[in-house]
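Descriptive analysis of the structure
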Amino acid sequence: MRYRTIGTDPATRREVSVLSLGAMLFGTRTDERTSFAILDRYVEAGGTFIDTSNNYAYWHHGTQGGESEALLGRWRRSRGVGDEIVIATKLGARPTAPGRDFTTDREGLSAKVVRESSERSRELLGVERLDLLYAHIEDPETPLGETVEAFAGLVGEGTVGLLGVSNHWAWKVERARSLAAAAGLPAYEVLQYHHTYLRRRTDVPGRLSPDGDQGVADGALLSYVREEQERDPGLALVAYSPLLSGAYVREDKPLDHELDHAGTPARLAALREVAAETGATVNQVVLAWLIGAEVPAIPLVGASSVAQLDESLAAADLDLTAEQRARLDAVR
């Protein structure tokens, strides 16, 4: 396993594995025994960066979520896990009542929700301080300054370490970070977005905006991260759904319509060519490409079995040559 540092302040920055494990379905679709086995294997292999959210996975049982955080709390206690494992969670997209959906009914990012939700997450996870807390999705009804101050307040009192943001337009991330900088407050330092080798169309309306999907790492977001990392190397990009839920390799998992364009077949062909050269799987090449990219990302992978996880873990040690990277990057 390899590692990198996220965050800048010595008091809150952390060294984490270059591959993160997603716990979205742990405690719901993935039963406890299997979830514990996957978590144990991840830690055994040197993994130190686990991801969840306070709304995971409400859609499986018609709840408000919390099943994933609760399972991670039970796993932590049963294994004696401490500060050596970084657990990231999110707030803001939890439905306000069981049976509702976050796309039309969600708690948002008000100061009240930020405080109450973070307290609930700490209780479920069984920790005194959340290692990394994300603003999960945008909340257009709450002033951005209120959210920035609420998140910073948690850092100030010591109940949260690092701050992150997910599924926000790049301009809104910049605005939030600028507000924090102007006020001398802690800012978002970890950005979590959907990012993979294949490129998505950006002209397709998203579920939450007619202008597109705020959660995709498009050119504007990648350009922003590239520029900011030059002066703040601790700024990190986490890539969720990097393997497209298996669509790279499974015929029963068709690609999303946003990927149905002229550039996709050529990039798939390049991936398969490099995979054949390295003896790796296509999935492993995608993960290795993300980890070592010019704008590096920490892939966030899910797993429903230990075997699935093992395939992803092997990507952390896969070195693509400069020529192979150049060939992958050159495909348009």
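Preceding block: the structure.
The strands making up a sheet associate through backbone hydrogen bonding, with each pair oriented either parallel or antiparallel. An order of S3-S4-S5-S6-S7-S8-S9-S10 is seen for the eight strands of this closed barrel, with the pairing classed as parallel. For this sheet, the mean angle separating the axes of adjacent strands, direction not counted, is 30°. With five bridges connecting them, strand S6 (residues 130-135) and strand S7 (residues 160-166) associate as parallel partners. The residue of S7 that forms the bridge with Leu-130 is Val-160. Strands strand S5 (86-91), S6 and S7 of the sheet are contacted by helix H5 (residues 144-157), whose axis makes an angle of about 155° with S7.

This part is about the side chain of Glu-138. Along the polypeptide, Glu-138 turns up in the loop between S6 and H5. For Glu-138, a relative accessible area of 10% translates into the label buried. Engagement of the side chain of Glu-138 in a polar contact is seen with the backbone nitrogen of Trp-169, the distance being 2.7 Å. A distance of 3.4 Å separates the side chain of Glu-138 from the side chain of Lys-172, its partner in a polar contact. Here Glu-138 is in contact with Arg-106, Asn-167, His-168, Trp-169, Lys-172 and Gln-214, once residues within four sequence places are set aside.

Our focus in this paragraph is the packing of aromatic side chains. Each pair of aromatic rings is reported with the distance of its centres and the angle of its planes. As enumerated under the stated definition, the model contains four aromatic pairs in all. Ring geometry for Tyr-56 versus Trp-59: centroids 6.2 Å apart, planes at 80°, classification edge-to-face. Judged by relative accessible area, which is 41%, Trp-59 ranks as partly exposed. Aromatic pair Phe-151 and Tyr-188: ring centres 5.9 Å apart, planes at 80°, arrangement edge-to-face. With Phe-151 in helix H5 and Tyr-188 in the loop between helix H6 (170-183) and strand S8 (190-194), the pair connects residues that are 37 residues apart, well separated along the chain. Pair check on accessibility: Phe-151 and Tyr-188 agree, each one buried. Among the aromatic residues, those joined into a ring-pair cluster are Tyr-56, Tyr-58 and Trp-59. A cation over a ring is seen here: Arg-267 above Tyr-197, with NZ or CZ 3.9 Å from the ring centre.

Definitions and limits used
- Residues numbered from 1 in each chain as written.
- Predicted model: local features only at pLDDT ≥ 70, side-chain atom pairs only at ≥ 80, totals over all residues.
- Heavy atoms only, no water.
- Pairing = 2+ DSSP bridges.
- Helix = DSSP H or I, 4+ residues; strand = E, 2+ residues; numbered from the N terminus.
- Axes fitted to C-alpha atoms, helices over the stretch in contact; angles between N-to-C directions.
- Contact = heavy atoms within 4.5 Å.
- Buried < 20%, exposed > 50% of the residue type's maximum accessible area, 1.4 Å probe, protein only.
- Polar contact = N/O pair within 3.5 Å; in protein donor to acceptor, adjacent residues only side chain to side chain.
- Phe/Tyr/Trp six-rings, centres within 6.5 Å; stacked < 30°, edge-to-face > 60°.
- Lys NZ or Arg CZ within 6 Å of the ring centre and 35° of its normal.

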